[in-house]
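Structural description and commentary
Given next are the chains, with one letter for each unit.
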Amino acid sequence: MQLSDEDEEDYNLSLSKFESMLKTNKVLFFDSEEFEDIILHYLDMGKASLAKKALKLALEQHPKSTGLKLVQVEMLVYEDKLDQAEKLLNELFAIEPNNEEIYIQKANIYSKRDNHEKAVELLKTALKYTDDFADVYNLIGMEYLFMDNLEMAKESFIKCLEEDVEDQTALYNVVYCFEFLDQNELAIEYLNKYINKNPYSEIAWHQVGRLNYGLKKYNEALIAFDYATLIDDEFLGAFMEKAKALERLKKYKEAIESYNRTIELDDPTSYALLRIGKCYEKLGNKVLALKFFNKTVHEDPLLDKGWIAITDFYVRQKNFQKALYYVNKALSIDNENRFYWKRYATINKEMNLFEEAEFGYRKAVEHGDYQLDTWLFWVDILQFQGEFESAIQTLLQASEYFPEEYEVAYRLAGLYFMMLDDKKGKFHLSNGLRLNYKHHTIIKELFPVVWDRKMVQNAINKNKK
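From a predicted model like this one, the values you see are computed outputs, not experimental measurements.

A word on the overall build of the protein chain. A count of helices and strands for the protein chain gives 28 helices and 0 strands. Over its C-alpha atoms the protein chain spans a radius of gyration of 34 Å, topping by over 25% the 23 Å that the globule rule assigns to 465 residues. Along the three orthogonal principal directions, the C-alpha set of the protein chain runs to about 110 × 50 × 50 Å. Classification of the 465 residues of the protein chain by burial places 45% in the buried group. Look at the contacts in the protein chain between residues 6 or more apart in sequence, and 48% of them connect residues 24 or more apart.

Set out below in structure tokens:
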């Protein structure tokens with residue numbers, strides 16, 4: 001409810017007067033519109049008992065007021081007393097068949113009963129009698145959303161905005177519909193037309209930026225976010241999105257400025273601190289990068305991404321001891337993250353801690369990392385540990401995902417030869433040579449003992465191209 005300063009003052013005065021009356025038990029007179037505002041205020045605040053008291057007094061003072069009876073209907077709907085509400089609406093309809101609010105409330109009841117088609121029908125009738133077309137189109141749009149008819153919902157919200165260009169809820173809903181329908185380019189076209197009518201809408205500019213960012217049009221996104229922040233220099237979301245676009249454009253100093261602006265506008269978020277750290281790292285300022293990574297985990301110790309950022313920082317510095325400490329911090333927060341387990345494994349491998357590395361690769365695969373290099377790192381460690389049988393079983397598992405991968409075939413060949421199973425060794429060697437003869441030296445690198453066998457050399461020479 002948008003009120004002028006004078007109306008706001010009257011509204012607050014009515015509320016104060018009503019609450020004072022309740023405290024003194026002295027009955028005061030209010031006109032019916034004052035009562036409507038008071039009742040709806042309490043309903044909006046979720047204070048149903050005070051709304052009921054106000055309604056009871058209101059109907060005692062204005063027993064024939066249609067407006068108050070419609071508020072009574074709203075309260076009955078609020079309490080889910082739909083049959084009583086419908087009965088009262090039917091009585092009101094007999095008196096005022098051209099009152100649009102009756103159709104709106106009837107639509108509300110049908111909507112509550114999940115009969116959204118009937119609700120739309122009633123709302124379309126309300127359009128014949130209403131002066132507030134924007135509100136009714138908005139309600140129709142919501143009913144179409146309930147029916148998952150996004151195309152019709154979109155049309156309704158567009159009509160709402162044609163009636164009231166300032167309706168921000170409808171604007172958000174239009175964009176939601178476009179996005180849900182995977183019509184992002186059309187959404188940008190629509191928003192550009194909307195901006196021609198309402199050039200100072202920071203919401204529209206922000207949405208244009210967000211949609212362009214999603215389409216990887218980072219320059220266009222940046223221009224839109226710039227307009228949004230110029231119109232509203234306290235628009236936190238636009239500054240955050242602007243910073244992300246600047247990062248994508250490798251304008252790291254400007255990105256840091258924009259992230260810092262979000263911190264000025266609100267309490268620092270771990271996300272902003274993390275991104276500032278990443279920007280400093282890209283600029284080669286390792287001291288400030290680490291400072292902001294540490295600020296990130298101080299701000300939110302449960303943010304695993306913060307601990308991983310520090311892990312990766314130390315991996316790049318080849319300080320694996322510290323990297324291991326921080327990856328363990330991340331794993332203590334999310335021990336089902338395959339990427340974290342792979343980092344854990346890689347760090348341990350670099351430190352020649354092969355048992356821990358093998359465990360890490362195993363956990364990475366258990367949690368869904370089916371990348372070829374993960375399987376191969378795991379198998380090579382098992383082989384190094386002399387766990388040939390386990391290595392074979394792991395490779396057979398990998399071959400389900402990579403049935404035509406020469407790296408798997410050559411390793412299987414080498415392992416079977418090491419296990420003295422020449423039949424299977426020859427089969428997989430032949431398979432590897434068929435898939436990629438050029439890289440047959442994998443056998444020499446990983447299984448030098450097998451490489452020197454006459455049987456193996458004969459097979460290689462036979463397949464020479």
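A cluster of nonpolar side chains, namely Y200, I223, Y227, L230 and I231, defines an oily patch on the protein surface of about 580 Å² accessible area. Along the chain, Y200 falls in the loop between α11 (184-197) and α12 (202-214).

Compared with the 20 Å implied by 1.5 Å per residue over 14 residues, the 20 Å span of helix α17 (residues 286-299) between its first and last C-alpha is a close match. Looking at the packing, one finds that the buried side of α17 touches α16 (270-282) and α18 (304-316).

Tallying each qualifying case throughout the model produces 21 aromatic pairs. For the ring pair Y280 and F292, a centre distance of 5.6 Å and an interplane angle of 25° mean the geometry is stacked. You can see Y280 sitting in helix α16 and its partner F292 sitting in helix α17, a full 12 residues away along the chain. Here Y280 matches F292 in class, with each residue buried.

Another point: the environment of Y416. Locating Y416 in the fold gives a position in helix α24 (residues 406-418). For Y416 and L181, which are 235 residues apart along the polypeptide, the C-alpha to C-alpha distance reads 54 Å. Not counting the four nearest positions on each side in its chain, Y416 is found in contact with I392, L396, D421, K424, G425 and H428.

Phi at D148 is positive, roughly 60°, even though this residue is not glycine. Despite not being glycine, K318 shows a phi value in the positive range, around 60°. Looking at where K318 falls in the secondary structure, it is placed in the loop between α18 and α19 (320-333).

Before going further, it helps to examine the UniProt feature "repeat: TPR" (unreviewed entry) in the protein chain. Per the UniProt record, "repeat: TPR" (unreviewed entry) is found at residues 100-133, 134-167, 236-269, 270-303 and 304-337. Each end of residues 100-133 is marked by a C-alpha atom, and these two atoms are 11 Å apart; helix forms 82% of the span and strand 0%. Within the segment residues 270-303, helix and strand shares are 79% and 0% respectively, and the terminal C-alpha atoms sit 8 Å apart.

Parameters and conventions
Residues numbered from 1 in each chain as written. Predicted model: local features only at pLDDT ≥ 70, side-chain atom pairs only at ≥ 80, totals over all residues. Heavy atoms only, no water. Helix = DSSP H or I, 4+ residues; strand = E, 2+ residues; numbered from the N terminus. Rg over C-alpha atoms; globule rule 2.2 N^0.38 Å. Buried < 20%, exposed > 50% of the residue type's maximum accessible area, 1.4 Å probe, protein only. Contact = heavy atoms within 4.5 Å. Patch = residues over 30% accessible without salt bridge, like charges linked within 9 Å, V, L, I, M, F, W, Y side chains within 5 Å. Areas by Shrake-Rupley, 256 points an atom, 1.4 Å probe, with all protein chains shown as cover. Salt bridge = Lys/Arg side-chain N within 4 Å of Asp/Glu carboxyl O. Expected span 1.5 Å × (residues − 1). Phe/Tyr/Trp six-rings, centres within 6.5 Å; stacked < 30°, edge-to-face > 60°. UniProt positions renumbered as here; feature names shortened; annotations may be inferred.

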